[in-house]
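Each chain, letter by letter, is given below.
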There are 2 protein chains.
Amino acid sequence: MSDIAVPESHPRYESLLTRHRIEAGVEKGITSQQGLIAQGRGEAFDYLLGERTIESADVAARVAAAHLLLAEHPVLSVNGNVAALCPGELVELADVVGADLEVNLFNRTDERMRAIVDHLREHGATDVRGLTADGRIPGIDHERAKVDAEGIGAADVVLVPLEDGDRAEALGAMGTVELVVDLNPLSRSAQVATVPIVDNVIRAVPNVTRHARDLTDASEADLRAIVEAFDAEATLDAAERAIRDGTEREA
Amino acid sequence: MSDIAVPESHPRYESLLTRHRIEAGVEKGITSQQGLIAQGRGEAFDYLLGERTIESADVAARVAAAHLLLAEHPVLSVNGNVAALCPGELVELADVVGADLEVNLFNRTDERMRAIVDHLREHGATDVRGLTADGRIPGIDHERAKVDAEGIGAADVVLVPLEDGDRAEALGAMGTVELVVDLNPLSRSAQVATVPIVDNVIRAVPNVTRHARDLTDASEADLRAIVEAFDAEATLDAAERAIRDGTEREA
């Protein structure tokens, strides 16, 4: 279904290529149908943002990098869309900050779990968590609560790109520091995040990596200062203004 | 893939049910993967609009009804998403205004054409055009140019819900009056439309039917007055304000 020729004359050629990468994810059994719809929602918000990393999102990416470097046990949560869109970039970020990768799906099936784990391994991951699923996030339904007890279940900082609102809320209620990548600043995931990064995951993940490399030699005191100076609410307000007005003014 | 249980406790229960209707369309071979992504884009814009028919869209729906009633040869163009979301409502509108239904796909395959024609027939359509495909819209690539010579090829007024920008532009260049339903007022389809209706197709199609019923006894002069008083640019501006500001002010 994805061998559709995109005429190069089409004005949104790059955007269509990204979509085809997602569709290839469907064929590999990585991306769900709900994932395709979520991709469309993201595209609309990204379009209104001007398909660029706004200043407030760049600040949030730096704060996220500081959190990951300060963490005892950081975990990068991977769902189907993220795996399809930027598997290599996630493996690189995990290496730079010493984080675990854990596959964490809204519509969990053994086949999809395995396809995503294999896909991450093809992109250089060695250990990938998520298959054990011996832990539960309290307060949410059945299948969606499953996590690895020694992974997200024991993490102090979790990067959750494109997370479902229910689960983001339940994870926050556990006291976990949540770094969320979401293009909708009004979504519950963004609203409950310790650090909401309102940006396309394709731009945000490498940007967090870049900041983490830049901060590698920073002292713990400096990292704490970066983290403590962050205002999540002002960041979300700035992103909403960027989407609503097409511009981003001072908070 | 679509027998996913949606917990009723989920805050966006209705929206998820709509998505599942679209996913059922995928299983029936009606909705393409690109269609799922387009559905997601629409959801994001609808979310910013407040998931309601704004005043300017209601005016546009009435103008569209007047155009359909004035037309010599009106055609309702049907793609995969529209067929999955509101097949019965399209058949009803076609009856009320005496329009033909024509299946018109961006990613055209014989299987999808046939599945959609069958789906419309299951919802009460008698004649459905699109399979002959003996006409071409000038100025666009290969497969996407195909129409029925006696259908869209000969139409004076076409309702194109959720049309691709390239094709909307080429159709407009033929001199056809285009009534477009699109949730993104900045899309090329909306921009080139004679009458852009910035609304969810699920709300817009029955709304055009309601206005058409209301205008059944109107004189040709009255219908022409409604059509001539319409300002497409002001309508798009009002919709953009509604999306950007969350409110709709006077144009």
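Every residue gets a number counted from 1 within its own chain, in the order that chain's sequence is written. As a convention, the first chain written is A and the first ligand written is 1, with the rest following in written order. Reporting in this predicted model follows two pLDDT cut-offs: at least 70 for local features of residues, and 80 or more for side-chain atom pairs to be given and counted; totals over whole chains, interfaces and linings ignore these cut-offs and use all residues. No hydrogens and no water enter the side-chain calculation; it runs on all heavy atoms of the structure.

Chain A is annotated in an unreviewed UniProt entry as 4-phosphopantoate--beta-alanine ligase from Halomarina oriensis. UniProt positions are given in the numbering used here, feature names are shortened, and annotations may be inferred rather than shown by experiment. Its UniProt record gives chain A a comment under Catalytic activity (unreviewed entry), which states: "(R)-4-phosphopantoate + beta-alanine + ATP = (R)-4'-phosphopantothenate + AMP + diphosphate + H(+)". Looking at chain A in UniProt, the text filed under Subunit (unreviewed entry) is "Homodimer."

(A) Molecular detail of the UniProt feature "binding site: ATP" (unreviewed entry) in chain A. All names here are of chain A. The feature "binding site: ATP" (unreviewed entry), as annotated in UniProt, sits at R19, R41, D182, L183, N184, R188, S189, N200 and V201 in this numbering. In terms of the greatest pairwise C-alpha distance, the residues named above, spread along 183 residues, do not form a single cluster, extending to 24.8 Å across. Here a strand is any run of E in DSSP of at least two residues, a helix any run of H or I of at least four, and the numbering for each starts at the N terminus. Position of R19 relative to the elements: it lies in helix 1 (residues 13–27). Mapping D182 onto the fold places it in the loop between strand 7 (177–181) and helix 8 (188–192). Taking the relative accessible area as the measure of exposure, D182 reaches 13% and is therefore buried. The contact definition used throughout considers only heavy atoms, calling two residues in contact when any of these lie within 4.5 Å. Sequence-distant contacts of D182, defined by excluding residues within four places in its chain, comprise E163, S187, S189, A190, I197, V198 and D199. Summary of the burial criterion: residues with accessible area below 20% of their type's maximum are buried, those above 50% are exposed, and those between are partly exposed, where the area comes from a 1.4 Å probe applied to protein chains only.

(B) Representation of the side chain of B:H73 in the model. All names here are of chain B. Along the polypeptide, H73 turns up in the loop between helix 3 (55–70) and strand 1 (74–78). Polar contact criterion, stated in full: a pair of N or O atoms within 3.5 Å, where within protein one must be able to donate a hydrogen and the other to accept it, and residues adjacent in sequence count only if both atoms are side-chain atoms. Of the polar contacts made by the side chain of H73, one reaches the side chain of D100; its length is 3.4 Å. Among the polar contacts listed, one links the side chain of H73 to the backbone oxygen of E150, at a separation of 3.4 Å. With residues near it in sequence (within four places) discarded, H73 still touches D100, E150, G151, A154, A155, D156 and V157.

(C) Looking closely at the packing of helix 3 of chain B against helix 9 (residues 201–214) of chain B. Residue and element names in this part refer to chain B. In this analysis an axis means a line fitted to C-alpha atoms, helices contributing only their contacting stretch, and an angle means the value between N-to-C directions, from 0 to 180 degrees. Running from N to C, helix 3 and helix 9 cross one another at 60°; their axes reach a closest spacing of 8 Å. By the criterion of interaxial angle, the relationship of helix 3 to helix 9 is oblique. You can see that helix 3 and helix 9 cross each other, and the crossing is right-handed. Facing helix 3, whose interface residues are D58, A61, R62, A64, A65, L68 and L69, helix 9 presents N207, V208, R210, H211, A212 and D214. Any angle from 65 to 115 degrees is called roughly perpendicular, while one under 35 is roughly parallel, one over 145 is roughly antiparallel, and all others are oblique. Take the far helix as the reference: if the near one is turned anticlockwise from it by less than a right angle, the crossing is left-handed, and if turned clockwise, right-handed.

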